Amino acid sequence: MAIPHIQSALPKKRYKYGEFIVTLLTDVVSHDNVQYMYLVAVLSEGENNPQVYITYEQTTQNSYQTRVVSAQDEHIIASQQARMTESAFCEFALAGIEQMFGLSDETPVALN
């Protein structure tokens, strides 16, 4: 699978995190055969397209998974039986971004 093919989504929160702009998307409608609960799009500053997505998907009625997806690769990084809240997923994603991009000296700053 490649990057998500988003038809529409509601941008809920945005952060500047080091050299990246991180956007939490909810109410995601896509062309994919995936039920996205939330998506986080990670863009390098000045770029138009995200280089990485962190997805939170419902896989069955009571099962969820989190994936990291780029144009080149994808990895399932977590599976849960209980649904994560929007804020819990956002915190989880920001921690993952810190780890992926070595941002331990940076702090995510909320944007309006």
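Structure shown above.
Read on for an overview of the structure. (Residues numbered from 1 in each chain as written. Predicted model: local features only at pLDDT ≥ 70, side-chain atom pairs only at ≥ 80, totals over all residues. Heavy atoms only, no water.)

### A short note on helix H1 (residues 86-101)
Under the convention used in this document: The numbering of helices and of strands both runs from the N terminus, where a helix is a DSSP run of H or I of at least 4 residues and a strand a run of E of at least 2. What a helix should span is 1.5 Å times the count of its residues minus one. Residue contacts are counted whenever heavy atoms from the two residues lie within 4.5 Å of one another.
In a regular helix each residue adds 1.5 Å, so 16 residues correspond to 22 Å; H1 covers 22 Å between its end C-alpha atoms and thus fits that length. Buried residues along H1 sit in contact with strand S1 (6-17), strand S2 (20-30), strand S3 (35-44), strand S4 (52-60) and strand S5 (63-69). A positive backbone phi angle near 60 degrees is found at Gly-102, which sits one or two residues after H1.

### As for the sheet that holds strand S7 (residues 109-111)
Threshold: Pairing between two strands is assigned when DSSP locates at least 2 bridges connecting them. Only the stretch in contact is used when a helix axis is fitted, and all axes are lines through C-alpha atoms; the angle between N-to-C directions ranges over 0 to 180 degrees.
Strands sit in the order S6-S5-S4-S3-S2-S1-S7 across an open sheet of seven strands; the sheet is antiparallel. Each edge of the open sheet carries a strand with a single partner, namely strand S6 (74-80) and S7. Ignoring strand direction, the axes of neighbouring strands in this sheet form an average angle of 25 degrees. Looking at chain direction, S5 and S6 are connected through six bridges and run antiparallel. Bridged to Tyr-64 within S6 is Gln-80. Of the strands in this sheet, S1, S2, S3, S4, S5 and S6 are in contact with H1, which crosses S1 at around 65 degrees.

### A few points about the pattern of salt bridges
Condition: Every case where a carboxyl oxygen of Asp or Glu lies within 4 Å of a side-chain nitrogen of Lys or Arg is listed as a salt bridge. Only protein chains enter the area calculation, which uses a 1.4 Å probe; residues under 20% of their type maximum are buried, those over 50% are exposed, and those in between are partly exposed.
Tallied over the full model, the rule gives four salt bridges. We note a salt bridge from Lys-12 to Glu-86, for which the minimum N-O separation is 3.3 Å. Taken together, the residues Lys-12 in strand S1 and Glu-86 in helix H1 connect sequence positions 74 residues apart. On the basis of relative accessible area, Lys-12 is assigned to the partly exposed category, the value being 43%. One salt bridge in this structure joins Arg-67 and Glu-74, with 2.7 Å as the shortest N-O distance. For Arg-67, a relative accessible area of 3% puts it in the buried group.

### Focus on the side chain of Ser-30
Applied cut-off: Under this definition, polar contacts are N or O atom pairs within 3.5 Å; protein pairs additionally need one hydrogen-donor-capable and one acceptor-capable atom, and for neighbouring residues in sequence, both atoms have to be side-chain atoms.
Here Ser-30 shows up in strand S2. For Ser-30, a relative accessible area of 16% gives the class buried. Within the structure, Ser-30 has its side chain in polar contact with the backbone nitrogen of Asp-32 (distance 3.2 Å). For Ser-30, the contacting residues outside a window of four places in its chain are His-5, Ile-6, Gln-7 and Tyr-36.

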